[in-house]
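Survey of secondary and tertiary structure
Here is what each chain is made of, one letter per residue.
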Amino acid sequence: MPQSEQTLENTLVEQLISLGYENADVVDEASLLANLKAQLEAFNGVILTESEFGKVMNHLTRSNAVFEKAKVLRDKMALERDCVRPDGSASQSSDTTYLDFLDDTDLQRNRFQVTQQVTMEDSYKIRYDVTV
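The notes below deal with the structure included here. Every value quoted in this text rests on a predicted model; they were computed, and no experiment measured them. (Residues numbered from 1 in each chain as written. Predicted model: local features only at pLDDT ≥ 70, side-chain atom pairs only at ≥ 80, totals over all residues. Heavy atoms only, no water.)

Section: the packing of helix α2 (residues 29–44) against helix α3 (residues 50–60)
Orientation of α2 relative to α3, taken along the N-to-C sense of each, is 100°, at an axis distance of 11 Å. Between α2 and α3, the crossing angle belongs to the class labelled roughly perpendicular. Note on element contacts: α3 touches α2 through E50, F53, V56, M57 and L60, opposite L33, L36, K37 and L40. Counted by class, the contact of α2 with α3 contains 7 nonpolar, no polar and 2 charged residues. (Axes fitted to C-alpha atoms, helices over the stretch in contact; angles between N-to-C directions. Helix = DSSP H or I, 4+ residues; strand = E, 2+ residues; numbered from the N terminus. Parallel < 35°, antiparallel > 145°, perpendicular 65-115°, else oblique. Contact = heavy atoms within 4.5 Å. Nonpolar A, V, L, I, M, F, W, Y, C, P; charged D, E, K, R; others polar.)

What about the sheet that holds strand β5 (residues 125–131)?
In a beta sheet, neighbouring strands are held together by backbone hydrogen bonds and run either parallel or antiparallel to one another. The strand order across the open sheet formed by 3 strands is β1-β4-β5, and the pairing between neighbours is mixed. Of all strands in the sheet, those bounded by a partner on one side alone are β1 (22–23) and β5. For strand β4 (residues 113–121) and β5, the ladder comprises 6 bridges, and the chain directions are antiparallel. From the neighbouring strand, E121 faces β5, where its bridge partner is K125. Against the sheet, helix α1 (residues 5–18) touches β1, β4 and β5, its axis set at about 135° to β4. (Pairing = 2+ DSSP bridges.)

Observations concerning the packing of aromatic side chains
Taken as a whole, this structure holds 1 aromatic pair when the rule is applied. Between Y21 and F112 the ring centres are 5.6 Å apart and the planes differ by 45°, which places this aromatic pair in the tilted class. Of this pair, Y21 sits in the loop between α1 and β1 while F112 sits in the loop between β3 (96–99) and β4, and the two are 91 residues apart along the sequence. Given a relative accessible area of 40%, F112 falls into the partly exposed group. Across from the ring centre of F43, 3.9 Å away, lies the NZ or CZ of R109, which sits over that ring. (Phe/Tyr/Trp six-rings, centres within 6.5 Å; stacked < 30°, edge-to-face > 60°. Buried < 20%, exposed > 50% of the residue type's maximum accessible area, 1.4 Å probe, protein only. Lys NZ or Arg CZ within 6 Å of the ring centre and 35° of its normal.)

Encoded structure:
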């Protein structure tokens, strides 16, 4: 008897979780971006202001070319920090922090996540079955 699509998805997600992927609570674009911000902050040991996260998003979305996007993820990003920190304290001047998106020398440092049924809306409403 054929396997249902939902059963196939659930089996795939279970297999990925058994391999060390974390099940992420992402259902739409807002929760996807909130999760990305939280993961970047944890990975780099920083807290980003909304303005700084906007700079990160501009950096990540500046090209549509697949190879360029892959290069952006492998390279560090020089982020000019805001003068006012998220906790409300002010720094004397802006400074630069270098953000990593991936660690290709120590793969265990990277966190891999999986989620199901993420809905994105733009001109069209799209639902992704499984997202890694």
